[in-house]
Amino acid sequence: MQPFSYTAHPARIVFGAGALAELGAEVERLGARRALVLSTPEQAGAAERVAAMLGERAAGVFPRAVMHVPVETARAARDEAARLGADCAVAIGGGSTTGLGKAIALESALPIVAVPTTYAGSEVTPIWGLTEGGVKKTGRDPRVLPRTVIYDPELTLTLPPGLTVTSGLNAIAHAAEGLYAHDGNPITALMAEEGVRALAAALPRLAEAPQDLDARGEALYGAWLCGSVLGAVAMGLHHKLCHTLGGSFELPHAEVHTVVLPHAMAYNAQQAPQAMARLARALGAAQADDAPRALFDLAARLGVPTSLAAIGMPAAGLDRAAELATTTPYPNPRPLERAALRALLQRAYEGRPPAEA
Ligand code: NAD
C-alpha cells in the first residue's frame, strides 16, 4: 500500500428518479429563502418549472448561462442575485450552468444547489472556469463547490442521443486519468473503476433506448463517481490536450474528450499498467493492453465522432496544438514529447485507432 493523502469534498448528494421533488426541502435545509434559478437559454423551460416548484422560495430565473462562463455573464448573474436579494442559487443544467453558479459563489458567499442534467461531473468539483477576452482561466477553490447536488435521472431523459454518449465519455475521461494521477489513492481508484464500469454498461443501453430510466440512473451514478475523481486528483495529458483543442480551436467540449481519450490512454499505457488493468476490467476488455482500443471501439459502435477532422479541427492547426500541449504541461505518467504528441494528434485527426505514439 502506497502512502497517500486525500481530501474528500463535502457535499450532500440526493439521488434518485423524481429526486427533484426534494428541491424545496433542500433549499430550506441550507437556511435559504430566496433562490435564483440558473440555466442556459435552451433549458429556460426547465428553470421556469423549477422556479414554479419553489414557489415563494424562488427569487427569479437567470436563463443566460453559456459555454465557458464569460466574465460578463458571471457579473450580470451576480448583479441579478444582489438585485433580487437572492440567498442561494439553483443551477439546473450541464457544466456550463454549474460553471455559472460557481462563478457567482467565487465572489459571494451564496450557496449553490446543483441539479445536473448531463454527465460532465462539474457539480462535485471545486474547479471553476472564467473566460475573459477569449482566454479561459481555471482554478480550484473550495468556495465554489455546490453544497447540495440533486441527481434526478428523469431530467436526463431529454439529453439528445449524441450528447448522451459524448458526455458519458467525457465523464469516463475524468476517471481514466484519475487512475494514473500522481496524487490518486485507493478510494479514488475504486470510484474511478466503478464509474467507468457503470457508464460503459449504461451508454450502449441508452444508444438503443434513450428513454430507459434505469440506464439513465446508472449513467448518472457513473457520472457522479467520475466527477468526484476529477474533483479530488490531478488530471494529465488528456485534459491538457482537450483544454488546448477546445480553447484554441473552439471545438465542442464533450466531443473533443470523446475523440482524444483513446489516444491519450494509448500514449500513457506503458507507464501506467495498473491504471490500464483497472480500465480494461471496467470496460470488459480481455487484456490491459486493450483498454485504449476498447474505448475507441465503444465510441465508434455508439455512432459518435472518432476523428478531430469530423468535429471541425483544422489540419493546419495540428502543429500549433502539439506545441501548446507541451507548454505548462499537466503532471503525466509519460513525459510530454512534442514529436510524439504531434503523431498522436495526427492519428486522432484522421480517426485511426489508438497506438502508442
Ligand atoms: P453544457 O452545459 O454546455 O450543455 C450543452 C447543451 O446541452 C446546452 O445547450 C444545455 O442547455 C443542453 N442540455 C444540458 N442538459 C440537457 C438535457 N438534459 N436535455 C436537453 N438539453 C440539455 O454541456 P456540458 O458538456 O455538461 O458542459 C461543458 C462545460 O462544462 C465546459 O465549459 C466545460 O469546461 C465545463 N466543465 C467543467 C468541469 C469542472 O469541474 N469545472 C467539469 C466538466 C465540464
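Above: the structure in question.
Small disclaimer: the values here were computed from a predicted structure and weren't measured.

This next bit is on the environment of G16. You can see G16 is positioned in the loop between strand 1 (12-15) and helix 1 (23-29). For G16, a relative accessible area of 16% gives the class buried. Sequence separation of G16 and D152 is 136 residues, and the distance between their C-alpha atoms is 5.3 Å. Each residue touching G16, except ones within four places of it in the same chain, is listed here: Y151, D152 and P153.

Within strand 3 (residues 58-62), five of the five residues are buried, which leaves it mostly tucked inside the rest of the structure. As judged from the four bridges shared by strand 2 (residues 35-38) and strand 3, these two strands associate in the parallel manner. Within the sheet, the bridge partner assigned to L36 lies in strand 3 and is G60. Chirality of the crossover, the property in question, places the unit of strand 2, helix 2 (residues 44-54) and strand 3 among those that are right-handed.

Packing of helix 5 (residues 161-178) against helix 7 (residues 213-232) brings their axes to within 8 Å, and their N-to-C directions diverge by 40 degrees. Here helix 5 and helix 7 pass one another in a crossing that is left-handed. Of helix 7, the residues touching helix 5 (which contributes T164, A171, I172, H174, A175 and G178) are R216, A223, C226, G227, V229 and L230. Residues of the contact of helix 5 with helix 7, tallied by class, amount to seven nonpolar, four polar and one charged.

Counting residues in each nonpolar core, the largest one holds 51 residues, and the members touching the most others are Y119, L169, M265, L279 and L295. When residues in this core are grouped by element, the largest group, nine residues, is from helix 6 (residues 186-208). In this structure M265 touches A176, E177, Y180, M276, L279, P292 and L295, once residues within four positions along its chain are discounted.

Attention now moves to the pairing of strand 6 (residues 127-132). Both strand 6 and strand 7 (residues 135-140) contribute to a ladder of six bridges, which runs antiparallel. Within strand 7, the position partnered with W128 by the bridge is G139. Between strand 6 and strand 7, which pair antiparallel and follow one another directly, the connecting turn spans two residues, one of which, G133, has a positive phi of 55 degrees.

Time to look at the packing of helix 9 (residues 253-268) against helix 11 (residues 291-301). Two numbers describe how helix 9 lies on helix 11: the axes approach to 8 Å, and their chain directions differ by 165 degrees. It follows that helix 9 is roughly antiparallel to helix 11 by the angle criterion. For helix 9 against helix 11, the interelement crossing comes out left-handed. Two secondary-structure elements touch here, helix 9 through T258, L261, P262, M265 and A266 and helix 11 through P292, L295, F296 and A299. Of the residues belonging to the contact of helix 9 with helix 11, the class tally is eight nonpolar, one polar and no charged.

Rules of the game
- Residues numbered from 1 in each chain as written.
- Predicted model: local features only at pLDDT ≥ 70, side-chain atom pairs only at ≥ 80, totals over all residues.
- Heavy atoms only, no water.
- Helix = DSSP H or I, 4+ residues; strand = E, 2+ residues; numbered from the N terminus.
- Buried < 20%, exposed > 50% of the residue type's maximum accessible area, 1.4 Å probe, protein only.
- Contact = heavy atoms within 4.5 Å.
- Pairing = 2+ DSSP bridges.
- Right-handed = clockwise from strand over helix to strand, strands pointing away.
- Axes fitted to C-alpha atoms, helices over the stretch in contact; angles between N-to-C directions.
- Left-handed = near helix turned anticlockwise from the far one by under 90°.
- Nonpolar A, V, L, I, M, F, W, Y, C, P; charged D, E, K, R; others polar.
- Core = buried A, V, L, I, M, F, W, Y, C linked by side-chain atoms within 4.5 Å.
- Parallel < 35°, antiparallel > 145°, perpendicular 65-115°, else oblique.

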